[in-house]
4 protein chains.
Amino acid sequence: MSDKKERILQATEKLLAEYGFHGLSMQMVAKEARVAAGTIYRYFEDKDDLLYQLHDHILGYVANKLTANVNDEMPIEQQFRTMWLNIWNMAINGDAPLINRGQFENLPRRNSQEQRRLEKTMFAKVDTMFNQGKADGVFKDLDNEILSALGLEPSACLARKHVNGVYAVDDEALNATIDACWDAIIKHK
Amino acid sequence: MSDKKERILQATEKLLAEYGFHGLSMQMVAKEARVAAGTIYRYFEDKDDLLYQLHDHILGYVANKLTANVNDEMPIEQQFRTMWLNIWNMAINGDAPLINRGQFENLPRRNSQEQRRLEKTMFAKVDTMFNQGKADGVFKDLDNEILSALGLEPSACLARKHVNGVYAVDDEALNATIDACWDAIIKHK
Amino acid sequence: MSDKKERILQATEKLLAEYGFHGLSMQMVAKEARVAAGTIYRYFEDKDDLLYQLHDHILGYVANKLTANVNDEMPIEQQFRTMWLNIWNMAINGDAPLINRGQFENLPRRNSQEQRRLEKTMFAKVDTMFNQGKADGVFKDLDNEILSALGLEPSACLARKHVNGVYAVDDEALNATIDACWDAIIKHK
Amino acid sequence: MSDKKERILQATEKLLAEYGFHGLSMQMVAKEARVAAGTIYRYFEDKDDLLYQLHDHILGYVANKLTANVNDEMPIEQQFRTMWLNIWNMAINGDAPLINRGQFENLPRRNSQEQRRLEKTMFAKVDTMFNQGKADGVFKDLDNEILSALGLEPSACLARKHVNGVYAVDDEALNATIDACWDAIIKHK
DNA sequence: AATGAATGAGAATTCATTCAT
DNA sequence: CATGAATGAATTCTCATTCAT
């Protein structure tokens, strides 16, 4: 991807995370990316297109990070814990600053093929894991959307609170929390 | 509260839910609330103040709804299920449309006393429930913030998916999901 | 019509006549009309609408001037000469500066009812005159559009040259020219 | 003239005729002429210069067409009718599309020598014809500018209406119109 | 000579806020 | 108190022009 296009996307993400939508002007993006205002329009139709493409860009990044170091040879629980921590670490490190802020969901979306493809990619391994867990009789017989809300969502939610300074989580609590998420999705006789 | 002020707040909430921040102009709020543009400024300092006050207004509403039909005489599990369903129903009914959209968290906040007070009120009964559950040895020994992320957050998360049409939840699955949340927060010997 | 709207239309006409389309910015119109830029948009949808409305406005003015002091009781030749001179004087006096410049025809048009109505009004008396002249056996048996091109168009054409300083016409030549236009449209045995 | 320069001029004329001044950007000219944007600036100072040169270019073309098949050996009336039809045909055929649209007169002009020379050339034969007609006692004793407005202008005016679809002229009417123009400029006993 | 990416000044338009009525 | 016309700064986007390759 062109150096300038990449810089523009990164500048946009940074400004959005820092100032929110209200504070996002094309002039500021241009300044932050060290390009002229008009240059943005060589790479993006208009402001909406910039935000659409940013959405896809972040989604791709997250899809990649989420399933890092996960493969379906690993025991299910290890797969689960790895993903849980991948989400946590991504949020804590500020890798994808928009995710923390809950502003990512508010990016305007289009139903582009690219996005569909990325979303499929993103959840492929997650789906595989949940399906495998259910086949093994370890997980509750619930749809993957629900298992995801029970098991992984709290990671993002808690990381958000942690990063925002609302509430600090220490390592011991973190492990206990992962265990609790595991409790939520597994069958208890 | 003055009739006009109330109308302005409701108009703002409706427009925000429908069109998002991008489409919220003071002129539109005035029109929707059937007042003159200048009138808004008799009740609100400026646009930011309107959004701050809307935040507090919604928070108060939600705090109220969340703990409806809950009292600490009830068995813990019943308290928990009631709150869980209060959240779910509020979201499903579109009572507080901003909550569904995840736009509530993006309202600008100030650290007003009013807000702190409301937040305390909001979580007082929730805190009481969690504390009681821990004292009884039923709940895991985790901070209330974590218990909340494990037990109640999935309700809001799932309701969001449901309302957005991403994923439909039937009654049976709903009950199983509440059970799973309960599994997340209770001790398993 | 609102004082401000009238001022905006006049400012637009003046600037167009003076600087052409190239030099017509909304800021300049606002300045010339002594209103704020935003005020223009209370009276006109956008720039195109301003030009559309200007077209109608001028057309109404011209329709009125063209047939001033003409009624169908007058001898045909007097009606014709009056109209011819109405065109000439309007152009010479700079009453409708856009007409001189040939820029009027280049105003963007819409097919509004108002415009159709005005155009009908404009040519009603002209049509009546030509029809009467043909009925009397004085005029050639040609369509009114052609009679207009032969008899009245040269007035506008010459006035344009006169005003632009390309060529000066004195009173004697003027009368001879009207006679020549008359020659163009009447039958010669 | 360089192939590229010619292509640029033609592209400009086409785009002007099709979209008007509003839609004429250097990028579009470049694209239409199949050259790079920067290349235009090797042949033309700037956008104004491009339009100046286009004016001269068209004027030269028109000057040439106007007096095609005309020489001062021919009878006056035949010279006149030939020129009249040259104008008519040029307009009808869309040879010089800007002329029809009345946009030609709105091209920015400079008082260049080249232009003066071309205008002289253009009217040399016309002047000769009018002078000869007056010397023969056939034409009215009016300045050539006036004779031109009376005799030739209606050709352009009518062709414009014809091309714009406002009014259709058939062959019979066309001949009658030329006769009427002749009536306008000749002496009647 | 030719290219076309990059520039940045300038244009149209919006909208929070004010203030005379 | 309430109004809503008016304001003008700020925003998005365009496009003539330049210049490194």
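Calculation criteria
- Residues numbered from 1 in each chain as written.
- Chains lettered and ligands numbered in written order.
- Predicted model: local features only at pLDDT ≥ 70, side-chain atom pairs only at ≥ 80, totals over all residues.
- Heavy atoms only, no water.
- Near = heavy atom within 4 Å.
- Polar contact = N/O pair within 3.5 Å; in protein donor to acceptor, adjacent residues only side chain to side chain.
- Helix = DSSP H or I, 4+ residues; strand = E, 2+ residues; numbered from the N terminus.
- Nonpolar A, V, L, I, M, F, W, Y, C, P; charged D, E, K, R; others polar.
- Least-squares fit on C-alpha atoms with pLDDT ≥ 70 in both.
- Contact = heavy atoms within 4.5 Å.
- Salt bridge = Lys/Arg side-chain N within 4 Å of Asp/Glu carboxyl O.

1. Regarding the protein's contact with DNA strand E
- Inspection of the region around DNA strand E gives 31 residues, with T39(A), R42(A), Y43(A), M26(B) and K47(C) positioned closest.
- The sugar and phosphate moieties of DNA strand E supply 69% of its atoms located within 4 Å of the protein.
- With respect to DNA strand E, the side chain of T39(A) contributes an N or O atom lying 2.6 Å from a phosphate oxygen.
- One nitrogen or oxygen atom from the main chain of A36(D) is found 3.1 Å from a phosphate oxygen belonging to DNA strand E.
- Of all the secondary structure elements, the ones that give two or more residues to the surface near DNA strand E are α3 (37–43) of chain A, α2 (26–32) and α3 (37–43) of chain B, α2 (26–33) and α3 (37–43) of chain C together with α3 (37–43) of chain D.
- Here the surface near DNA strand E gets five residues from one element, more than from any other, and that element is α3(D).
- For the surface near DNA strand E, a count of residues per class yields 13 nonpolar, 10 polar and eight charged.

2. A short note on the relation of the copies chain A and chain B
- Overlaying chain A with chain B gives an RMSD of 0.2 Å, the required rotation being 179 degrees about an axis along which the chain moves by 0.1 Å. Taken together, the turn and the small shift mark the pair as related by a two-fold rotation axis. No C-alpha of chain A approaches the rotation axis more nearly than that of A184(A), which lies at 2.1 Å.
- Comparing interface residues between copies, 100% of those in chain A also lie at the interface in chain B; the contact surface is shared.

3. A short note on the environment of L54(C)
Residues and elements named next belong to chain C.
- Looking at the element boundaries, L54 is found in helix α4 (residues 47–66).
- Residues L54 and Q132 lie 78 residues apart in sequence; the distance between their C-alpha atoms is 33 Å.
- In contact with L54, other than residues within four places in its own chain, are L9, T12, E13, L16, L98 and L107.

4. Details of the interface of chain A and chain B
- Taken together, the 28 residues of chain A in the interface contact 28 residues of chain B.
- One can count four salt bridges joining chain A with chain B.
- With a closest N to O distance of 2.8 Å, K140(A) and D183(B) form a salt bridge.
- Where chain A touches chain B, the interface holds seven residue pairs in polar contact (both at pLDDT 80 or more).
- Listed by contribution, the elements that provide at least two residues to the side of chain A that touches chain B are α8 (144–151), α9 (153–163) and α10 (171–185) of chain A.
- Ranked by residues supplied to the side of chain A that touches chain B, first place goes to α10(A) with seven residues.
- A per-class count over the side of chain A that touches chain B returns 15 nonpolar, six polar and seven charged.

5. Focus on the protein's contact with DNA strand F
- Residues in close proximity to DNA strand F total 32 residues, the closest being K47(A), T39(B), R42(C), Y43(C) and M26(D).
- Counted by atom, the contact set of DNA strand F within 4 Å of the protein is 68% sugar and phosphate.
- Within the backbone of L24(A), one N or O atom sits 3.4 Å away from a phosphate oxygen of DNA strand F.
- Taking Y41(D), its side chain carries an N or O atom lying 3.0 Å from a phosphate oxygen of DNA strand F.

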